[in-house]
Amino acid sequence: MKVMVIGIDGLDIELINKFEKELPNFRKLKEQSPDVKLFSVFPPDSPTAWASIYTGKNPAEHGFVFFKDPFTDAEYGGHLKNNVSGKTFWDDAGKRLNKKVCILFPHGGYPAWPVNGVMIGRTTEVDIKKFDIDCWPEELETKYDFSGLKPLTSYPVRLGDMIEPTKDVILNEVALGLKLYDDIDWDLFFYYSSSIDNIQHLFWMYNDKDDPFYEEGNPYENVILDFYKFYDRDVIGPFLNKVDEKTALIVLSDHGHAMRPVKVVNINEILRRNGFLKLKEGNSKMDALMTNMKGTALSLIDRYRFIGKLASRVLRMFPRGLELYVNTTPINGSESICYLSDPSGGVKSYSYAGIRINRNLASDSYESIRDDLIELLLSIRGPEGEKLVEWAIRREDLYRGDHIAKYPDIIFKLDDEWGVGWDVNGEIFSRSNSHRLHSGNHRAETPVFFVYNADLNVESEKIELMNVSSIILDLLEH
């Protein structure tokens, strides 16, 4: 059997259910797909999640996971090639099963590498990285038009200006995909689209009536709905029309989407008040000044988008800028037992994070300290006495793998309404400084997984991203 896979970053099953009456193609897939619920990885960030989809390995095994803290290099991210090239489901399909593949724009799959067929990779995070397209074999560049494929910025100065250009990029992707679909002799076809994830990040507060910044009748109120309809009509529809009785179609996402938290609980301050974290002495005024400057800068970026655009350009010219931002801290790392570590470096107020333990101070009492931290986290209550931490565990209780040390010693997840804050020596509860910049948030529980025109051989109605690779390969073998 031939297999076509459409991967759409951030597509949310609850939004598909909500908009179902206006999404005939998604509804058709849903009605004819086995009733299987897909769960993302921890953290549910796109590079980490897609690497798990591609390889069938958990993040501690493939190693593409980043938690930032003040005392290590704060990498912005990177391309997946060094982690996954030769190890993906399409590599396995080409080498082990001798299947021809056509792979278009896989997230992080740049530069392209040799495959049994065709692969086109492009850079993402175009605010920070120079945009480029790379392909295998190289002669594809002379046969096809690769113009108009640059993803739109994540930091637009004027939101409305990116709506139609984003749709144009998607239409260009689909046009190239449909041409290659017909031109290439393939057994496995994969097309990835990133645009709706960015749209949801930027426009969530205009769509969600529960968002504190939502305004009734605002001009962007239906942008997310319109993009779901656009994907249904102009992406799913054309590919679905090409499916014959010998082709299975899988449509999936790496994570769902929801409102980014506005309320913040400052975990470092809780650690300080409980004796786990110490502040620097002697240079406290300078550290306090730098911390206030960081907060002010983030608030300005949140309020004025042109400043965010300027900041992204600075990061492109000065890639260590994020490290400077994260590493400017009043925390005394050598004398603190532990401190906060999260995937965003305190910029995005995610609801998930971790705590890194100073092993130089805690070598003899490491496990008891982990016990104490888990107990402390689970005891946190909000202003109204509500429980704030859904779960807190040792990293080894989540995943096992050679790269497990990339995770903090303790990882935890807050209630979805609360984000993790880095402020210290102040209030425990505060508000996010970046919500209006990116009001949408990744959600682990609601990715999409539809299988059309094929029986699904799985043992459970609940599957993880790591199961996707084997499902694709199993369909190819039948």
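Structure: above.
The notes below deal with the structure included here. No experiment lies behind these values; they were computed from the predicted model shown.

1. Focus: the overall build of the chain
- Each helix and strand counted, the chain has 17 helices and 18 strands in total.
- Across the 478 residues that make up the chain, the buried fraction comes to 58%.
- Considering only intrachain contacts with a sequence separation of at least 6, the fraction spanning at least 24 residues in the chain is 76%.
- Here the chain has roughly 20,400 Å² of accessible surface; of this, 47% comes from carbon and sulfur atoms.

2. So, helix 3 (residues 46–55)
- Extensive coverage of helix 3 is indicated by the burial of nine of its ten residues.
- Those residues of helix 3 not exposed but buried are Ser46, Thr48, Ala49, Trp50, Ala51, Ser52, Ile53, Tyr54 and Thr55.

3. Observations concerning the environment of Glu367
- Turning to its location among the elements, Glu367 is positioned in helix 16 (residues 366–378).
- Sequence spacing of Glu367 and Asp409 is 42 residues, and the spatial spacing of their C-alpha atoms is 9.9 Å.

4. Let's talk about the pattern of salt bridges
- On inspection of all chains with the given rule, the structure shows 24 salt bridges.
- One salt bridge in this structure joins Asp182 and Lys242, with 3.0 Å as the shortest N-O distance. Highlighted residues: Asp182 in helix 8 (residues 163–183) and Lys242 in the loop between helix 10 (223–240) and strand 7 (247–252), separated in sequence by 60 residues.
- The closest approach of N and O atoms between Lys413 and Asp416, which form a salt bridge, is 2.6 Å.
- The structure contains a network of salt bridges with shared partners spanning Glu367, Arg370, Asp371, Arg394, Arg395, Glu396 and Asp409.

5. Some thoughts on the packing of helix 2 (residues 24–32) against helix 10
- One way to put it is that helix 2 packs onto helix 10 with a least axis distance of 7 Å and a crossing angle of 60°. Contact with helix 2, carried on its side by Pro24, Asn25, Phe26, Lys28 and Leu29, involves Tyr228, Tyr231, Asp232, Arg233, Ile236, Gly237 and Leu240 of helix 10 and no other residues of that element.
- In terms of residue class, the contact of helix 2 with helix 10 is built from seven nonpolar, two polar and three charged.

6. Quick notes on the sheet that holds strand 13 (residues 410–414)
- Reading across the sheet, the four strands line up as 10-11-13-12 and stay open at both edges, with antiparallel pairing between neighbours. Looking at the sheet topology across the chains shown, the edges are occupied by strand 10 (338–341) and strand 12 (389–394). Along the sheet, successive strands turn relative to each other by an average axial angle of 20°, direction set aside.
- By the bridge criterion, four bridges tie strand 10 to strand 11 (residues 352–357) in an arrangement that is antiparallel. Residue Leu340 lies in a different strand from strand 11, and its bridge partner there is Ile355.

7. Focus on the side chain of Thr123
- As for its placement among the helices and strands, Thr123 is situated in the loop between strand 4 (117–122) and strand 5 (133–136).
- A polar side-chain atom of Thr123 sits 3.3 Å from the main-chain carbonyl oxygen of Lys130.
- Within polar-contact distance, the side chain of Thr123 engages the backbone nitrogen of Asp132 at 2.9 Å.

8. Concerning the side chain of Ser33
- Following the sequence through the fold, Ser33 ends up in the loop between helix 2 and strand 2 (37–39).
- Under the relative-accessibility criterion, Ser33 is labelled buried at 13%.
- Among all residues touching Ser33, those that are not within four sequence positions of it are Phe449, Phe450 and Val451.

9. Considerations on the sheet that holds strand 6 (residues 188–193)
- Read across the open sheet, the seven strands follow the order 5-4-3-6-1-7-17; overall the sheet is mixed. A single partner strand is all that each edge strand has here, and the edge strands are strand 5 and strand 17 (449–452). Sheet twist, expressed as the mean angle between neighbouring strand axes with direction ignored, is 10°.
- Note that strand 1 (residues 2–8) and strand 6 share six bridges and pair parallel. Bridge pairing in strand 6 links Val5 to Phe190.
- The sheet strands contacting helix 10 are strand 1, strand 6, strand 7 and strand 17, and the helix crosses strand 1 at an angle near 170°.
- Taken strand by strand, helix 17 (residues 468–476) contacts strand 1, strand 6, strand 7 and strand 17, and its axis lies near 170° from that of strand 7.

10. Details of the packing of aromatic side chains
- Enumeration according to the criterion identifies 31 aromatic pairs in this entry.
- Between Phe71 and Tyr339, the aromatic rings sit 4.9 Å apart at their centres with planes inclined by 75°, giving edge-to-face as the arrangement. A residue pair is termed long-range when its members are at least 10 positions apart, and Phe71 in the loop between helix 4 (59–62) and helix 5 (81–84) and Tyr339 in strand 10 qualify at 268 residues.
- Note on Phe89 and Phe190: the rings are 5.9 Å apart at their centroids and 75° apart in plane angle, and the pair reads as edge-to-face.

11. Structural notes on the packing of helix 9 (residues 195–207) against helix 10
- Put simply, helix 9 and helix 10 touch, their axes get as near as 8 Å, and they point 150° apart. Overall, the two elements helix 9 and helix 10 adopt an arrangement that is roughly antiparallel. On helix 10, the residues that touch Ser195, Ile196, Ile199, Gln200, Phe203, Trp204 and Asn207 of helix 9 are Val223, Ile224, Phe227, Tyr228 and Tyr231.
- Along the lines of polarity and charge, the residues of the contact of helix 9 with helix 10 split into nine nonpolar, three polar and no charged.

12. Remarks on helix 8
- The terminal C-alpha atoms of helix 8 lie 31 Å apart, and with 21 residues this matches the ideal 30 Å at 1.5 Å per residue to within 8%.
- Looking at helix 8, one finds that the buried residues are Ile163, Thr166, Lys167, Val169, Ile170, Glu173, Val174, Leu176, Gly177, Leu178, Leu180 and Tyr181.
- Against the buried residues of helix 8 lie strand 1, strand 3 (101–104), strand 4, strand 6, helix 9 and helix 10.

13. Here we look at the pairing of strand 11
- Strand 11 sits mainly inside the fold: six of its six residues count as buried.
- Of the two faces of strand 11, the one holding Tyr352, Gly354 and Arg356 and the one holding Ala353, Ile355 and Ile357 are both buried throughout.
- Where strand 11 lies against strand 13, four bridges are found, and the strand directions are antiparallel. Pairing of Ile355 across the sheet is with Ile410, part of strand 13.

14. Here we look at unusual backbone geometry
- Note that the residue after Phe42, namely Pro43, is joined by a cis bond; omega there is -5°.
- With respect to the helices and strands, the residue Pro43 is situated in the loop between strand 2 and helix 3.
- Of note, the amide linkage connecting Trp136 to Pro137 takes the cis form, showing an omega dihedral of -5°.
- Mapped onto the fold, Pro137 is located in the loop between strand 5 and helix 7 (140–143).
- In this model, Ser349 sits at a positive phi of 55°, which is unusual for a non-glycine residue.

Quick notes on the rules
- Residues numbered from 1 in each chain as written.
- Predicted model: local features only at pLDDT ≥ 70, side-chain atom pairs only at ≥ 80, totals over all residues.
- Heavy atoms only, no water.
- Helix = DSSP H or I, 4+ residues; strand = E, 2+ residues; numbered from the N terminus.
- Buried < 20%, exposed > 50% of the residue type's maximum accessible area, 1.4 Å probe, protein only.
- Contact = heavy atoms within 4.5 Å.
- Areas by Shrake-Rupley, 256 points an atom, 1.4 Å probe, with all protein chains shown as cover.
- Salt bridge = Lys/Arg side-chain N within 4 Å of Asp/Glu carboxyl O.
- Axes fitted to C-alpha atoms, helices over the stretch in contact; angles between N-to-C directions.
- Nonpolar A, V, L, I, M, F, W, Y, C, P; charged D, E, K, R; others polar.
- Pairing = 2+ DSSP bridges.
- Polar contact = N/O pair within 3.5 Å; in protein donor to acceptor, adjacent residues only side chain to side chain.
- Phe/Tyr/Trp six-rings, centres within 6.5 Å; stacked < 30°, edge-to-face > 60°.
- Parallel < 35°, antiparallel > 145°, perpendicular 65-115°, else oblique.
- Expected span 1.5 Å × (residues − 1).

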